[in-house]
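Commentary on secondary and tertiary structure
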Protein chains: 2
Amino acid sequence: MTIKEVCEKYDITPDTLRYYERVGVIPEVNRTKGGIRDYSEQDIKWVENAICMRSAGVPVEMLIEYVSLFQKGNSTIEARCNLLKEARVEVQKQLDKYQNTMDRLNYKISRYEEAVKTGVLTWDAENIKKD
Amino acid sequence: MTIKEVCEKYDITPDTLRYYERVGVIPEVNRTKGGIRDYSEQDIKWVENAICMRSAGVPVEMLIEYVSLFQKGNSTIEARCNLLKEARVEVQKQLDKYQNTMDRLNYKISRYEEAVKTGVLTWDAENIKKD
DNA sequence: TATTGACTTGGAGTTAACTCCAAGGAGTAT
DNA sequence: ATACTCCTTGGAGTTAACTCCAAGTCAATA
């Protein structure tokens, strides 16, 4: 699979894919004789994983460390597991924040929708105090 | 309330608070005769709101626009409501991504925990294909 | 064989959101 | 009144994660 196809599949740019490979977010990708990237199934799995993790704010640095450990073989299984748990703690924290923000947005919007009907805010839109 | 107290309350830096005020993420804050910021209850509500929204990745620019609309009065109620809905769409998208990443992390960690016990990976840790 | 178009590299540039800094002012303890 | 601490400002600097660029290579087509 060419870099272009992978990019279309995941809606990212070639620059981002090359960047991921260059810094080690994914392992080195297969090449043709001419030196052109030819992504294998495995390569694509790594790409998919990187995109998923990055979409939840897992830092590039942590992904690099994970790949580095992976390439050292089975002796790093525990270290990799710990790294994943570390990532999970952060992702969960963020998830909670997003949920909290959704709650606030939903509350404000429901209040605003009432106000849109009447054209007047009878309550203080910003005066939302958490109990 | 002084800037320091607000910072301690929300665990942010004075620089960030001043930055928020400067660019308009929050309205201008009350001052003492000497020109020192003295945050009112309302000011603090705005700070709280800004921090909450920012923690879920709502862009500074959107918050600026919201405050700007707010200051124009009741004629902007519908516009503000639409802005909030726009924000909600994005926050929900991110929330879904975070949940998806959590699922992936949980799956990988559970597999790794099995492997940690035996010291060997009997399955391909990276070969996680979504159906 | 000449051109086309996609690919390659290393390195420089961009962006959002802070974060730091220097110079100076105000309020309080001694 | 002197020292000390915290505050003020405008503007410059930093950071992570891309994103762009120039120069060059390669395979396929006219």
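Shown above is the structure to which this text applies.
First, a word on scope: everything that follows refers to the structure included in this document. If you're wondering where the values come from, they're calculated on a predicted model, not measured in any experiment. (Residues numbered from 1 in each chain as written. Chains lettered and ligands numbered in written order. Predicted model: local features only at pLDDT ≥ 70, side-chain atom pairs only at ≥ 80, totals over all residues. Heavy atoms only, no water.)

**Considering the protein's contact with DNA strand D**
As a reminder, the rule being used: The criterion for a residue being near a molecule or strand is simple. One of its heavy atoms has to lie within 4 Å of it. For the purposes of these results, a polar contact is taken to be a pair of N or O atoms within 3.5 Å, where, inside protein, one atom must be able to donate a hydrogen and its partner to accept one; residues adjacent in sequence count only when each atom of the pair is a side-chain atom. Labels follow the DSSP assignment, with helices taken as runs of H or I lasting at least four residues and strands as runs of E lasting at least two, numbered in each case from the N terminus. Amino acids are sorted into nonpolar (Ala, Val, Leu, Ile, Met, Phe, Trp, Tyr, Cys and Pro), charged (Asp, Glu, Lys and Arg) and polar (every other residue, Gly among them).
The full set close to DNA strand D counts 16 residues, and Asp15, Tyr20 and Arg54 of chain A together with Arg18 and Arg37 of chain B are the nearest of them. Considering the 4 Å shell around the protein, atoms of DNA strand D inside it are sugar or phosphate in 71% of instances. A distance of 3.0 Å separates a phosphate oxygen of DNA strand D from a polar atom in the side chain of Tyr20 of chain A. Of all the elements in the fold, those that place two or more residues in the surface near DNA strand D are α2 (14-23) of chain A together with α1 (3-10) and α2 (14-23) of chain B. The dominant element in the surface near DNA strand D, judged by the number of residues it contributes, is α2 of chain A, at 4 residues. Residue composition of the surface near DNA strand D, grouped by class: 6 nonpolar, 3 polar and 7 charged.

**Considerations on the relation of the copies chain A and chain B**
Put simply, the test is: The superposition of copies rests on a least-squares fit of C-alpha positions from residues with pLDDT of 70 or more in both. In this analysis, two residues are considered to be in contact whenever any of their non-hydrogen atoms come within 4.5 Å of each other.
At an RMSD of 0.0 Å, chain A and chain B line up after a rotation of 180° and a shift of 0.0 Å along the axis. Considering both components of the superposition, the chain copies are consistent with a two-fold axis. For chain A, the smallest separation between a C-alpha atom and the rotation axis is recorded for Leu95 of chain A, amounting to 3.2 Å. In this assembly, 100% of the residues forming the interface of chain A have copies in chain B that are likewise at the interface, indicating an isologous arrangement.

**Quick word on the interface of chain A and chain B**
Rule in force here: The term buried area refers to how much accessible surface (probe radius 1.4 Å) is lost by two components on association, counted for both of them together. The working definition used for a salt bridge is a side-chain nitrogen of Lys or Arg within 4 Å of a carboxyl oxygen of Asp or Glu.
Taken together, the contact pairs 50 residues of chain A with 50 residues of chain B. Summed over both sides, the interface between chain A and chain B buries roughly 4,800 Å², with carbon and sulfur atoms accounting for 64% of that surface. At the junction of chain A and chain B, the tally comes to 4 salt bridges. Lys85 of chain A is the salt-bridge partner of Glu113 of chain B, the closest N and O atoms lying 2.8 Å from each other. Counting every contact that joins chain A to chain B gives 20 residue pairs in polar contact (both at pLDDT 80 or more). Elements supplying a minimum of two residues to the side of chain A that touches chain B: α3 (41-55), α4 (60-71) and α5 (77-118) of chain A. Broken down by element, the side of chain A that touches chain B gets its largest block of residues, 27 residues, from α5 of chain A. Here the residues of the side of chain A that touches chain B are counted per class, giving 22 nonpolar, 13 polar and 15 charged.

**Focus: α4 of chain A**
Threshold: Given the number of residues in a helix, its expected span is that number minus one, multiplied by 1.5 Å. Categorising residues by exposure relies on relative accessible area from a 1.4 Å probe, with only protein chains included: less than 20% of the type maximum marks a residue as buried, more than 50% marks it as exposed, and the intermediate range marks it as partly exposed.
With 12 residues, α4 of chain A should reach 16 Å at 1.5 Å per residue; the first-to-last C-alpha distance of 17 Å fits that figure. Buried residues of α4 of chain A: Val60, Met62, Leu63, Tyr66, Val67 and Leu69 of chain A, and no others. Taken together, the buried residues of α4 of chain A touch α2, α3 and α5 of chain A together with α5 (77-118) of chain B. One or two steps after α4 of chain A, the chain reaches Gly73 of chain A, where phi turns positive at roughly 95°.

**Brief notes about the protein's contact with DNA strand C**
In the neighbourhood of DNA strand C, 16 residues make up the surrounding shell, with Arg18 and Arg37 of chain A together with Asp15, Tyr20 and Arg54 of chain B lying closest. Backbone atoms, meaning sugar and phosphate, make up 70% of the atoms of DNA strand C lying within 4 Å of the protein. For DNA strand C, a base nitrogen lies 3.1 Å from a polar atom in the side chain of Asp15 of chain B. Measuring from a phosphate oxygen of DNA strand C, one finds a side-chain N or O atom of Arg54 of chain B at 2.7 Å. Listing elements by their share of the surface near DNA strand C, those giving two or more residues are α1 (3-10) and α2 of chain A together with α2 of chain B. Across the surface near DNA strand C, the residue classes tally to 6 nonpolar, 3 polar and 7 charged.

Geometric values such as these leave the question of function open.
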